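The primary structure of each chain is shown beneath.
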Amino acid sequence: MRQIVLDTETTGLDPRQGHRIIEIGALELVDRQLTGKQFHVYLNPEREIEQGALEVHGITEEFLRDKPLFAEISDEFMAFAEGAELVIHNAPFDVGFIDNELSLTGHRHASITEIASVLDTLELARDLHPGQRNNLDALCKRYEVDNSSRTLHGALLDAEILADVYLAMTGGQVDLGLSLESPATRSDADDGVHLHAGHPVLLVLKASDEELAQHESRLNDIEDQSGSCLYRQATTA
């Protein structure tokens, strides 16, 4: 599986108000491994940057004056993204800005979703942690991802951090050393788990047909929205 972890920085919050992309940062994952390939560019938005946005990313209009226009890098960017699953935090924001840039330049593709599928890690985090804060900083703290270098937002830096967070969120259960067996209770001739005498009987609750159907429906929704389902891939491998 080829995935592109992507982030953008912009002049403001809404492309419908004329705001533009000023930075794109994207990293390639293949089979959940960073390949070292990346796409990173600063862009001249040909307009002013709102003060609120400047305070977030610190990218100035002066710095961007000699940078390329989106039209100059659009084909290279789309070729990098083509055929991949885009991993984006709060995907509607970035996809909306990218599609706006494609529209303004008259690109042959009206939307990036014509050439790539999209996985929104914000929606994934909300499913995993309902009712909790799920912005990138909160997820870094939850999954112990180092974001100490993130004093200001930056598209490439945020893509690097998001890659670590995404891999942690979807990495599955690891051995926490909580095995029920001990050397004294394990038989060399039997790979099963043995409990000490007097240990209460473990109650195994099996999912009902209705619960199994709901589970399959949820997996179908994930597959429809992202183009793939890691759970199904893992359980059928």
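Here the residue numbers are simple positions, counted from 1 along each chain's written sequence. Predicted model: local features are reported for residues with pLDDT of at least 70 only, side-chain atom pairs are reported and counted for 80 or more only, and whole-chain, interface and lining totals are derived from all residues. Side-chain measures here rest on the full set of heavy atoms in the structure, leaving out hydrogens and waters.

A. Representation of unusual backbone geometry. In this model, Asn90 sits at a positive phi of 60°, which is unusual for a non-glycine residue. Checked against the element boundaries, Asn90 lands in the loop between strand S4 (85-88) and helix H4 (91-105). A relative accessible area of 34% places Asn90 in the partly exposed class. Although it is not a glycine, Glu144 sits at a positive phi angle of roughly 55°. Secondary structure elements follow DSSP: runs of H or I no shorter than four residues count as helices, runs of E no shorter than two count as strands, and numbering proceeds from the N terminus. Using a 1.4 Å probe on the protein chains alone, a residue whose accessible area is under 20% of its type maximum counts as buried, one over 50% counts as exposed, and one in between counts as partly exposed.

B. The arrangement of the layout of surface pockets in detail. Definitions used for this entry: grid spacing 1 Å over protein atoms alone; cavity, a set of points where a 1.4 Å probe fits but cannot get out; pocket, an open set with protein on both sides within 12 Å along at least 5 of 7 lines; lining residue, one with an atom within 4 Å of a point. Grid points are joined across faces, edges and corners, and a volume is the space filled by probe spheres set on the points. Size it by volume and the second largest pocket reaches roughly 540 Å³. Forming the boundary of the second largest pocket are 24 residues, of which Asp7, Glu9, Phe93, Arg150 and His153 lie nearest the centre. Secondary-structure elements contributing two or more residues to the lining of the second largest pocket are strand S1 (2-10), helix H1 (51-57), H4, helix H6 (136-142) and helix H7 (155-169). Counting residues per element, the lining of the second largest pocket draws most heavily on S1, at 5 residues. Each residue is assigned to one class: nonpolar for Ala, Val, Leu, Ile, Met, Phe, Trp, Tyr, Cys and Pro, charged for Asp, Glu, Lys and Arg, and polar for all the others, Gly among them. Here the lining of the second largest pocket is composed, by residue class, of 7 nonpolar, 10 polar and 7 charged.

C. Up close: the confidence of the model for the chain. pLDDT: the predictor's confidence for each residue, scored from 0 to 100. Across the chain, the average pLDDT comes to 85, with 78% of residues at or above 70. Any two residues having at least one pair of non-hydrogen atoms within 4.5 Å are treated as being in contact. Low pLDDT, under 50, characterises residues 173-203; the stretch is placed with 15 contacts to residues that sit more than four places away or in other chains.

D. Examining the environment of Asp158 more closely. Looking at the element boundaries, Asp158 is found in helix H7. The class for Asp158 is buried, based on a relative accessible area of 4%. Residues Asp158 and Val5 lie 153 residues apart in sequence; the distance between their C-alpha atoms is 9.4 Å. Residues contacting Asp158, with those up to four places away along its chain left out, are Asp7, Glu9, Leu136, Arg150 and His153. Of the polar contacts made by the side chain of Asp158, one reaches the side chain of Arg150; its length is 2.8 Å. N or O atoms within 3.5 Å of each other form a polar contact, as long as, within protein, one can give a hydrogen and the other can take it, and as long as residues adjacent in sequence are counted only when both atoms are side-chain atoms. Within polar-contact distance, the side chain of Asp158 engages the side chain of His153 at 3.4 Å.

E. Molecular detail of the side chain of His19. Note on placement: His19 falls in the loop between S1 and strand S2 (21-30). For His19, the side chain forms a polar contact with the side chain of Thr11, separated by 2.8 Å. In terms of polar contacts, His19 uses its side chain to reach the side chain of Glu50, at 3.1 Å. Filtering out sequence-adjacent residues up to four positions away, His19 remains in contact with Thr11, Gly12, Leu13, Asp14, Arg47, Glu50, Phe97 and Asn100.

F. Summary view of the side chain of Asn100. For Asn100, the position within the fold is in helix H4. Judged by relative accessible area, which is 19%, Asn100 ranks as buried. Excluding anything up to four places from it in sequence, Asn100 contacts Pro15, His19 and Arg20.

G. Main features of the pairing of S2. For S2, a buried count of 9 out of 10 residues is recorded, marking the element as mostly surrounded by other parts of the structure. Any two strands with at least two DSSP-identified bridges between them are counted as paired. Sheet analysis places S1 next to S2, joined by 9 bridges and oriented antiparallel. When the bridges of S2 are listed, Val5 appears paired with Leu27. Bridge analysis of S2 against strand S3 (residues 33-42) gives 7 bridges, and the strand direction is antiparallel. Within the sheet, the bridge partner assigned to Ile24 lies in S3 and is Val41. The turn linking S2 back onto S3 is made up of 2 residues, and Asp31 within it adopts a positive phi angle of 55°.

H. Representation of the sheet that holds S1 within the structure. The 5 strands are arranged S3-S2-S1-S4-S5 in an open sheet whose pairing can be described as mixed. Across the chains shown, the open sheet's two edge strands, defined by having one partner strand only, are S3 and strand S5 (117-120). Each strand of the sheet is rotated relative to its neighbour by a mean of 25°, with strand direction disregarded. Two strands pair when backbone bridges link them, and S1 and S4 are joined in this way by 3 bridges, in the parallel orientation. From the neighbouring strand, Val5 faces S4, where its bridge partner is Val87. Packed onto the sheet, helix H5 (residues 121-128) meets S4 and S5 and runs at close to 40° relative to S5. Comment: axis = line fitted to C-alpha atoms, over the contacting stretch for helices; angle = value between 0 and 180 degrees taken between N-to-C directions.

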